[in-house]
2 protein chains.
Amino acid sequence: MSSPHVFPVETKFARIASPGQPFRFGCGAELDELVLAYETHGTLNEERSNAILVFHALSGSHHASGICEEIPGLAGRWTAECHHGWWTPFIGPGRALDTDRFFIICANYLGGCYGSSGPTSLNPATGRQYGPDFPNVGTGDVVRSQALLLDHLGIEKLHAVVGASIGGLLTLNFATMFPERVRLVVSIASGLRTTVLTRLTVFEQVIAIENDPHFRGGYYYGGPAPEYGLALARMISHKTFVHLDSIERRARGELVQSGDQLAWYRVGHNVESYMLHQGKKFVKRFDANTYLRICDMWLRFDPLEDAGVQYSHELFSISRRAGHHWLVFSIDSDYCFYPEEQAELVKQLEQAGVPAMHITVHSEKGHDSFLLEPELYTPHLAYSLRRGVECGDAWESDDAVP
Amino acid sequence: MSSPHVFPVETKFARIASPGQPFRFGCGAELDELVLAYETHGTLNEERSNAILVFHALSGSHHASGICEEIPGLAGRWTAECHHGWWTPFIGPGRALDTDRFFIICANYLGGCYGSSGPTSLNPATGRQYGPDFPNVGTGDVVRSQALLLDHLGIEKLHAVVGASIGGLLTLNFATMFPERVRLVVSIASGLRTTVLTRLTVFEQVIAIENDPHFRGGYYYGGPAPEYGLALARMISHKTFVHLDSIERRARGELVQSGDQLAWYRVGHNVESYMLHQGKKFVKRFDANTYLRICDMWLRFDPLEDAGVQYSHELFSISRRAGHHWLVFSIDSDYCFYPEEQAELVKQLEQAGVPAMHITVHSEKGHDSFLLEPELYTPHLAYSLRRGVECGDAWESDDAVP
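Residues numbered from 1 in each chain as written. Chains lettered and ligands numbered in written order. Predicted model: local features only at pLDDT ≥ 70, side-chain atom pairs only at ≥ 80, totals over all residues.

### Observations concerning the overall build of chain A
So, point 1. Along chain A, the regular secondary structure elements total 13 helices and 14 strands.
So, point 2. Against the compact-globule benchmark of 21 Å for 402 residues, chain A has a radius of gyration of 21 Å, which places it among compact chains.
So, point 3. With the principal axes as the frame, chain A shows a C-alpha extent of 65 × 50 × 45 Å.
So, point 4. Here chain A holds 402 residues, and the buried ones make up 53% of them.
So, point 5. Once local pairs closer than 6 in sequence are excluded, the contacts in chain A between residues at least 24 apart make up 70%. (Helix = DSSP H or I, 4+ residues; strand = E, 2+ residues; numbered from the N terminus. Rg over C-alpha atoms; globule rule 2.2 N^0.38 Å. Buried ≥ 20, exposed ≤ 12 C-beta atoms within 10 Å, placed from the backbone. Contact = placed C-beta atoms within 7 Å.)

Put into C-alpha cells, the structure is as follows:
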C-alpha cells in the first residue's frame with residue numbers, strides 16, 4: 001500500500017433545504033433549514049462523470065480520508081480518534097478509490113452528529129437543540145438528502161455508489177430510488193434486509209440507551225449524557241463487529257481497571273475492562289440521540305417501500321433496467337452481516353438478470369475487516385471501478401473487459 | 001411419554017448454617033443463618049444410594065417437577081408461569097429421572113430468589129432485606145451449600161449429579177470438589193469454562209441492570225424495581241437460549257403493542273414486541289439482585305480454583321481417580337453453550353482417562369431444547385442412570401452393560 005494520506009482535509013457544508021424548498025421526511029415532517037456536512041477527494045472531471053458516493057457505517061462520519069483536526073461547532077465530540085479518516089487506506093492516489101481518477105464524496109448522514117443537521121442541531125423554532133424533536137430519519141431520507149447534495153454539486157450521474165455495513169444497505173436504497181443516477185453499485189459486508197438477529201441486537205441497544213437514568217426521553221442536553229446506556233449499546237454492537245479472537249487478543253494488554261467499579265458488580269476480567277473501555281471511549285465522540293436514529297433507520301429499513309414496489313424481484317428489476325453492475329463483498333468471519341446475507345442479495349440480483357460479481361474475502365478480523373485490510377478489497381474495487389470508466393456505456397458487454 | 005406429572009409438590013427448607021456452624025463463602029464472608037429451599041421426588045432407598053442431585057439453570061428454581069402453587073413468603077414472585085416444574089417431562093415415574101427407582105433432589109441456588117437465602121432475605125442484623133449486602137456467591141459456594149444439604153438428608157454419596165446450562169458447570173464443580181460423593185456426572189448443553197462470547201453477553205446484562213434508574217446500587221426494595229434493566233438482561237440472554245427461527249415463529253402471533261412506547265423509539269415489529277414481552281414477563285418472577293449474583297458467579301466460574309488445582313488435566317484426573325462416568329450432551333443448534341464447548345470438555349475427560357459418553361442431539365430449538373424435547377435425552381439418560389445402579393461398584397467394566 002502507498003503511504004498514509006496525511007494531508008489535511010476540510011469539511012464542507014451544503015444546504016439541502018430552504019424556506020422555499022423544504023425537505024420532506026418519509027415520516028411526513030418538513031424542515032426548511034437542513035445542512036449536510038461532507039468531504040470530497042480528487043477532482044470532478046469536465047464531463048462530471050467520475051464521481052463516487054461513499055456511505056459511511058453506523059458510527060462513522062463524512063470524514064473518510066486524510067486528517068481532519070476540527071469541524072466547526074463540534075468541539076469535544078471530534079476526539080483525536082476521529083481525526084484520521086475511517087477509510088484512509090482505501091481513498092487516495094493509487095488506492096482502491098483512486099483520487100487521481102475519481103471524485104470521491106462522503107456525507108455525514110442526515111440526523112448525524114458530525115455536522116449534518118440532526119438532534120444536536122439548534123431548532124430555530126426554540127433556539128435550543130432539537131434532541132428527540134428532530135424528525136425520524138429513514139434510510140430513504142438519508143439517500144434523498146444525499147441526492148440533493150449531488151444536485152448541489154452539479155452531478156447528475158454517479159460513476160459508483162459504495163458502502164459497507166449499513167452503508168451497503170444505503171447503496172441498495174440509492175440504486176433503486178435513483179436508478180438513473182448511478183452505474184456501479186458496491187455493497188461490502190452488508191445485506192438486503194434487517195435480519196432477526198440484527199433486529200434483536202439493535203433493539204437491545206435502543207433499550208440500553210432509553211433506560212439510562214440520564215436519557216430523560218432524549219432531552220439530556222445541558223445535563224449529563226446517557227453515557228452508560230450508550231456505552232452498553234456500543235458494547236453490544238462492538239461484539240458483532242470484531243472477531244471474538246481479536247477481542248480476546250486485544251484485551252490481553254488491558255489491565256482490569258479498579259476504577260471500573262459499577263454499582264455492585266466488580267469488573268473481574270480484562271475482556272470486561274476492554275469492552276467497557278471501548279464503550280466509554282465511544283461515548284465521548286457520539287451523541288445518543290443520533291445513535292438512536294441510526295438504530296431506528298436500521299430497524300425500519302424497507303427498500304421496497306422506499307422504491308415504491310411490492311416485491312423483491314421488482315426491486316432488482318429496477319437495477320437491471322438501469323443497467324447497473326454490482327460488486328458484492330463478503331467476509332467469511334463476519335457475524336454482523338453474515339455471508340449468507342450477501343449470498344441472498346447476489347442470488348436475487350442474478351434472478352433479476354443484474355450483472356453481479358460476488359467476492360468472499362478470508363479474514364480473521366470479522367466484520368471490521370472492511371476497515372482494516374485494504375489489500376483484501378483493493379484489487380477488485382480498483383478493477384471494477386476502472387472497468388466502468390474504460391467501457392463507458394458499453395460496459396454491459398463482457399468483451400469490453402480490458 | 002407418560003402423562004404430565006400433575007400432583008402437587010411441596011417446597012422444603014433446610015438450615016445449612018447455625019450460630020455454632022457458620023457457612024463460609026469463597027469471598028470470605030460468613031453467615032450463620034442460611035436456608036436452602038429444595039424439592040424431592042421419589043424415595044430414598046435403605047442404602048441411601050439412589051439419590052440424584054439436579055442443578056437448575058440461570059433463571060430456574062428448585063421446583064423441577066409437578067405442580068407447586070405457592071412457596072411460603074414468595075407471594076407475587078411465584079407467578080403462574082412458575083407453577084409447573086421446569087423439568088416435569090424428565091422427572092417422574094418411568095421418565096428419564098425415574099422416580100420409581102431414584103430419589104431426586106433439586107435446590108434453589110444459594111443467593112436465589114425462590115426460597116433459598118439471598119439478597120431478598122431478611123438480614124437479621126438490620127431487619128431489612130440484604131439487597132447488595134448479601135455476600136458474593138460463587139459456583140463453589142452453591143456446590144458446598146448443596147453438599148451440606150446432602151449431609152442434612154443423610155446422603156453420603158450420590159448416584160448421579162445432573163445439570164444443564166449453568167447447571168452443567170456446577171456438575172463439573174461438584175465432581176471435582178466432592179469427587180467421592182458421586183458416581184455419574186451428567187452435563188447437558190454446558191461446558192468447562194466461561195467463553196469470551198458468554199463473558200461479553202453476561203457482562204452486558206450486568207450493566208443493563210446496574211444502569212437502570214431504579215437499581216440504586218441494589219437498594220431498590222420498597223421502591224420500584226429495576227424492571228427495564230432486568231427485562232433488557234433477559235432479552236440479551238433469551239436470544240442465546242432460543243433459536244432465532246423459533247423467535248421469529250413465536251413472534252408471528254404477537255401484535256405490535258402500542259403500549260410498548262419507550263421513551264423515544266416506537267416498537268415497530270412483532271419480534272421487538274415479543275422480546276420486550278418476554279423481558280417484562282420475566283421481571284415479574286425474578287429478582288434483579290439474584291440475577292446479578294448468578295451473572296457474577298458465571299463470570300467468575302473457576303473450577304480449578306474451587307478444586308484447589310492449577311491445571312485442567314489435574315481437574316479431570318480427580319474425576320478419573322474417583323471412578324466417575326460422564327455423560328455429556330450437545331445440542332447441534334445451541335448458541336448459548338456451543339457444541340465445540342462440550343467437545344472440548346469430552347476431549348479433556350478422554351485425555352485424563354475418564355469414561356465419557358458424548359451424545360449430540362439434533363434440534364431446531366437451540367439451547368432450550370433441553371427443556372422442551374425430553375425424547376431426545378430420555379433414552380440415554382435412562383440407560384446411563386440404570387446402568388450405574390445395576391453394575392454397582394463394578395460399573396467401570398464395560399462387560400457389565402446389561
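### Brief notes about the relation of the copies chain A and chain B
So, point 1. The operation relating chain A to chain B is a screw motion whose rotation component is 180°, with 0.0 Å of axial translation and a residual RMSD of 0.0 Å. On the angle and the small slide along the axis, the relation comes out as a two-fold axis. Nearest to the rotation axis, the C-alpha of Pro213 of chain A is located 2.3 Å from it, this being the minimum over chain A.
So, point 2. When you check the interface residues of chain A against chain B, 100% turn up at the interface there too, and the contact is symmetric in its surfaces. (Least-squares fit on C-alpha atoms with pLDDT ≥ 70 in both.)

### Overview of the nonpolar core
Note that soluble globular proteins tend to have their nonpolar side chains buried in a common cluster.
So, point 1. Of all hydrophobic cores here, the largest spans 239 residues; its most connected members are Ile52 of chain A together with Ile52 of chain B.
So, point 2. In this view, Ile52 of chain A contacts Leu97, Phe102, Ile104, Leu158, His159, Ala160 and Val162 of chain A; residues no more than four positions away in its chain are not counted. (Core = buried A, V, L, I, M, F, W, Y, C linked by C-beta atoms within 7 Å.)

### Thoughts on the packing of helix 4 (residues 196-210) of chain A against helix 7 (residues 270-285) of chain B
So, point 1. Packing of helix 4 of chain A against helix 7 of chain B brings their axes to within 10 Å, and their N-to-C directions diverge by 55°. Classified by the interaxial angle, the pair formed by helix 4 of chain A and helix 7 of chain B is oblique. With respect to the hand of their crossing, helix 4 of chain A and helix 7 of chain B are arranged in right-handed fashion. In this structure, helix 4 of chain A contributes Val196, Arg199, Leu200 and Phe203 of chain A to the contact, and helix 7 of chain B contributes Val271, Glu272 and Met275 of chain B.
So, point 2. Of the residues that constitute the contact of helix 4 of chain A with helix 7 of chain B, the class distribution is five nonpolar, no polar and two charged. (Axes fitted to C-alpha atoms, helices over the stretch in contact; angles between N-to-C directions. Parallel < 35°, antiparallel > 145°, perpendicular 65-115°, else oblique. Left-handed = near helix turned anticlockwise from the far one by under 90°. Nonpolar A, V, L, I, M, F, W, Y, C, P; charged D, E, K, R; others polar.)

### Details of the domain arrangement of chain A
Residues and elements named next belong to chain A.
So, point 1. Partitioning chain A into domains gives domain 1 (12-195 + 301-400) and domain 2 (198-294).
So, point 2. Taking the mean C-alpha position of each, domain 1 and domain 2 sit 26 Å from one another.
So, point 3. Tallying the contact residues gives 26 residues for domain 1 and 22 residues for domain 2.
So, point 4. Class assignment of the residues belonging to the side of domain 1 that touches domain 2 gives a composition of eight nonpolar, 13 polar and five charged. (Domains from an automatic or database assignment.)

### A closer look at the packing of helix 2 (residues 139-152) of chain B against helix 3 (residues 166-177) of chain B
Residue and element names in this part refer to chain B.
So, point 1. Contact geometry of helix 2 with helix 3 gives a least axis separation of 9 Å together with a crossing angle of 65°. The interaxial crossing formed by helix 2 with helix 3 has right-handed handedness. In this structure, helix 2 contributes Thr139, Gly140, Val142 and Val143 to the contact, and helix 3 contributes Leu169, Leu170, Asn173, Phe174 and Met177.
So, point 2. Classifying every residue of the contact of helix 2 with helix 3 gives six nonpolar, three polar and no charged.

### Side note on the interface of chain A and chain B
So, point 1. Contact with chain A, which involves 39 residues of that partner, is made by 39 residues of chain B.
So, point 2. Secondary structure elements with two or more residues in the side of chain A that touches chain B: helix 4, helix 5 (227-241), helix 6 (244-252), helix 7 (270-285) and helix 8 (288-299) of chain A.
So, point 3. A total of 10 residues in the side of chain A that touches chain B trace back to one element, the largest contributor, which is helix 4 of chain A.
So, point 4. Here the side of chain A that touches chain B is composed, by residue class, of 24 nonpolar, six polar and nine charged.

### With respect to the environment of Glu364 of chain B
Residues and elements named next belong to chain B.
So, point 1. With respect to the helices and strands, Glu364 occurs in the loop between strand 14 (356-361) and helix 12 (369-372).
So, point 2. Residue class for Glu364 comes out partly exposed when judged on the 13 C-beta atoms lying within 10 Å of it.
So, point 3. Along the primary structure Glu364 and Ser246 are separated by 118 residues, whereas in three dimensions their C-alpha atoms are 8.0 Å apart.

### Some thoughts on the sheet that holds strand 13 (residues 325-331) of chain B
Through backbone hydrogen bonds, the strands of a sheet pair up, either in parallel or in antiparallel fashion.
All names here are of chain B.
So, point 1. Ordered by their spatial adjacency, eight strands build an open sheet running 1-4-8-5-11-12-13-14, and the pairing between neighbours is mixed. Only two strands of the sheet have a single partner each, and these edge strands are strand 1 (12-17) and strand 14. Going from strand to strand, the sheet's axes swing by 20° on average, the running direction of each strand aside.
So, point 2. Lying on the sheet, helix 3 is in contact with strand 5 (51-55), strand 11 (158-164) and strand 12 (182-188); it crosses strand 11 at an angle near 145°. (Pairing = 2+ DSSP bridges.)

### A short note on the environment of Glu344 of chain B
So, point 1. By the secondary structure assignment, Glu344 of chain B is in helix 11 (residues 339-351).
So, point 2. Counting along the chain gives 57 residues from Glu344 of chain B to Asp287 of chain B, while the straight-line C-alpha distance between them is 34 Å.

### Some points on helix 11 (residues 339-351) of chain A
Residues and elements named next belong to chain A.
So, point 1. Across its 13 residues, helix 11 extends 18 Å between first and last C-alpha, which sits within 8% of the 18 Å expected from 1.5 Å per residue.
So, point 2. Listed as buried for helix 11 are Glu341, Gln342, Leu345 and Leu349. The buried residues of helix 11 occupy one face: seen down the axis, they fall within an arc of 95°. Within helix 11, the exposed residues directed more than 90 degrees away from the buried face are Glu340 and Gln351.
So, point 3. In this structure, the buried residues of helix 11 make contact with strand 12 (182-188), helix 10 (312-321), strand 13 (325-331) and strand 14 (356-361).
So, point 4. Among the residues trailing helix 11, Gly353 stands out with phi positive, at a value near 80°. (Expected span 1.5 Å × (residues − 1). Arc of directions from axis to C-beta.)

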